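This is what each chain is made of:
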Amino acid sequence: MTKPAKGAPVLPLDTVLPGDCIEVMNRLPEESVDLIFADPPYNLQLRGDLHRPDNSRVDAVDDHWDQFDSFAAYDAFTRDWLKAARRILKPNGAIWVIGSYHNVFRLGAELQNQGFWILNDVVWRKSNPMPNFRGKRLTNAHETLIWASKSEGAKYTFNYEALKALNEGIQMRSDWVLPICTGHERLKDGRGDKAHPTQKPESLLHRVLVGTTNPGDVVLDPFFGTGTTGAVAKMLGRNYIGIERETTYRDLAARRLSRVRKLDAEALTVTASKRAAPRVPFGQLVERGLLRPGEVLTSPRGKTARVRADGTLVGEDVKGSIHQVGAAFEGAPSCNGWTYWHFRRDGKTVPIDRLRQQIRDEMADRPN
């Protein structure tokens, strides 16, 4: 690994840094972070206390860090922290920001102003939202996350197959139904009250980090709070950097992080994208003797073709690759020959893709 130049700033991995996030990020090395997850102040603009129908007071967000004099002041703050975040993000890195209707549109506009490229907006639909006690508006049952790459055309991490596996084999959608942070996960202060008014559930960060980072990546949270991002990152084998100016939150986060244990290497392995798997030509199956020249392959509808020594097929009056012959038989513009063709072994019909996976497994077991 290349050592930093003498006098260059060192990346403080697995640390919660005190201070203003803009100042701290400006001291970190340029292009050093793989992912940023940001849960900035929402600027809720509350006007007085909020009460339930029984007149009990709602523990809402009224902390000083969520208060701004004007939209212009909030926009200036957003511009400055996003600029600092962009500087430390690697060219192929990405950023997630989360907000409510109070601020997410302003966040999205500034992301685009600074050259970020929005990949998705994700609706986190809360399965147990707080009711609208005044009965004057719809129950605010969701928050919005924006996922963006550093620039248009930049590469970024997306573990598509892993998210699909999380969703029982169905492609992950952009609406996520997850509960808000409650029960044992909700941190409490010495009086038994919520330690942080907007603590995010670990399930939300788990999905973000499994889907858009890899083990060993550096994840930075400039509004660290009580450390949900760090806790999930540590558990999943990612490095974290937290920035938090409030001493109380830093202390709570430190205690929380001290109790987190990293999962073992096998547990951290996720389903890889098929595009990332090593390429195995069909001809290699013939070369290896896994299929023999002259062996008959069958289609799901009973059509047959014979394997030739050069890894092509011949069937009826059609010759070509496993994909070309399959497409011709089906009268289709294309065909995935790996799943289309089957062979017989021990009285059973087996897809030829099983043989390809056998070779891939062997390749994965070879020492580097």
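Our structure's up above, just so we're on the same page.
About the cut-offs
Residues numbered from 1 in each chain as written. Predicted model: local features only at pLDDT ≥ 70, side-chain atom pairs only at ≥ 80, totals over all residues. Heavy atoms only, no water. Buried < 20%, exposed > 50% of the residue type's maximum accessible area, 1.4 Å probe, protein only. Helix = DSSP H or I, 4+ residues; strand = E, 2+ residues; numbered from the N terminus. Arc of directions from axis to C-beta. Pairing = 2+ DSSP bridges. Right-handed = clockwise from strand over helix to strand, strands pointing away. Core = buried A, V, L, I, M, F, W, Y, C linked by side-chain atoms within 4.5 Å. Contact = heavy atoms within 4.5 Å. Polar contact = N/O pair within 3.5 Å; in protein donor to acceptor, adjacent residues only side chain to side chain. Axes fitted to C-alpha atoms, helices over the stretch in contact; angles between N-to-C directions. Parallel < 35°, antiparallel > 145°, perpendicular 65-115°, else oblique. Left-handed = near helix turned anticlockwise from the far one by under 90°. Nonpolar A, V, L, I, M, F, W, Y, C, P; charged D, E, K, R; others polar.

Here we come to helix α3 (residues 104-113). Helical geometry: 3.6 residues make up each α-helical turn, so side chains three or four residues apart lie on a common side. Of the positions making up α3, those classed as buried are V104, L107, G108, E110 and L111. For α3, the angular spread of buried residues about the axis comes to 170°, placing them on one side. What points out from α3, more than 90 degrees from its buried face, is the exposed set F105, Q112 and N113. In the stretch just after α3, G115 is the one whose phi turns positive, near 100°.

Attention now moves to the pairing of strand β8 (residues 239-244). For a regular strand, side chains alternate in direction, first toward one face of the sheet and then toward the other. Of all six residues in β8, six are buried; the element is thus mostly enclosed. The alternating pattern of β8 places N239, I241 and I243 on one face and Y240, G242 and E244 on the opposite face, and all of these are buried. Direction of pairing for strand β7 (residues 218-221) relative to β8: parallel, over a ladder of four bridges. Looking at the pairing, L220 lines up with I241 of β8. Between the parallel elements β7 and β8, the chain passes through helix α6 (residues 228-235) in a crossover that is right-handed.

Ranked by internal contacts, the top residues of the largest apolar core, which has 32 residues, are W96, L145, W176, L204, V208 and L209. A per-element tally of this core places helix α5 (residues 202-212) first, with five residues. Beyond its immediate chain neighbours, meaning those up to four positions away, V208 contacts L35, F37, W96, L145, W176 and T213. Judged by nonpolar contacts, the second largest core, of 30 residues, contains A38, V97, L107 and V218.

Turning our attention to the environment of Y340. In this fold, Y340 is placed in helix α11 (residues 337-340). Here the alpha-carbon distance between Y340 and A327, two residues 13 residues apart in the chain, equals 9.5 Å. Residue contacts for Y340: discarding those within four places in its chain leaves T298, S299, P300, G326, F329, E330 and C335. Here E330 takes part through its side chain, which lies 2.7 Å from a polar atom of the side chain of Y340.

What follows concerns the environment of V16. With respect to the element layout, V16 can be found in strand β1 (residues 15-18). In this structure the C-alpha to C-alpha distance between V16 and G242, which are 226 residues apart in sequence, comes to 4.4 Å. What V16 contacts, discounting residues up to four positions off in sequence, is F224, Y240, G242, E244, R250 and L257.

To continue, consider the packing of helix α2 (residues 71-88) against α3. Two elements in contact, α2 and α3, have axes separated by 10 Å at closest approach and are oriented at 45°. Between α2 and α3, the crossing angle belongs to the class labelled oblique. Handedness of the α2/α3 crossing: right-handed. Where α2 approaches α3, its residues F71, Y74, D75, T78, R79, W81 and L82 are matched on the opposing element by R106, L107, E110 and L111. Here the residues of the contact of α2 with α3 are counted per class, giving six nonpolar, one polar and four charged.

Tracing the chain through its elements places R356 in helix α12 (residues 353-365). The class of R356 is buried, set by a relative accessible area of 15%. Look past the residues within four positions of R356 in its chain and what remains in contact with it is V280, L285 and W338.

Turning to the sheet that holds strand β4 (residues 117-126), a few remarks are in order. Reading across the sheet, the eight strands line up as β1-β8-β7-β2-β3-β5-β4-β6 and stay open at both edges, with mixed pairing between neighbours. The open sheet has two edge strands, β1 and β6 (175-178), and neither has a second partner. Within the sheet, the average angular offset between the axes of one strand and its neighbour, ignoring direction, is 20°. Direction of pairing for β4 relative to β6: parallel, over a ladder of four bridges.

Judged from the eight bridges that link them, β4 and strand β5 (residues 142-149) form a sheet pairing that is antiparallel. Pairing of N120 across the sheet is with W147, part of β5.

Turning our attention to the side chain of S149. Relative to the helices and strands, S149 resides in strand β5. At 3.0 Å, the side chain of S149 and the backbone oxygen of S151 are in polar contact. Excluding its chain neighbours within four sequence positions, the residues that come into contact with S149 are G93, A94, F116, W117, L119 and Y156.

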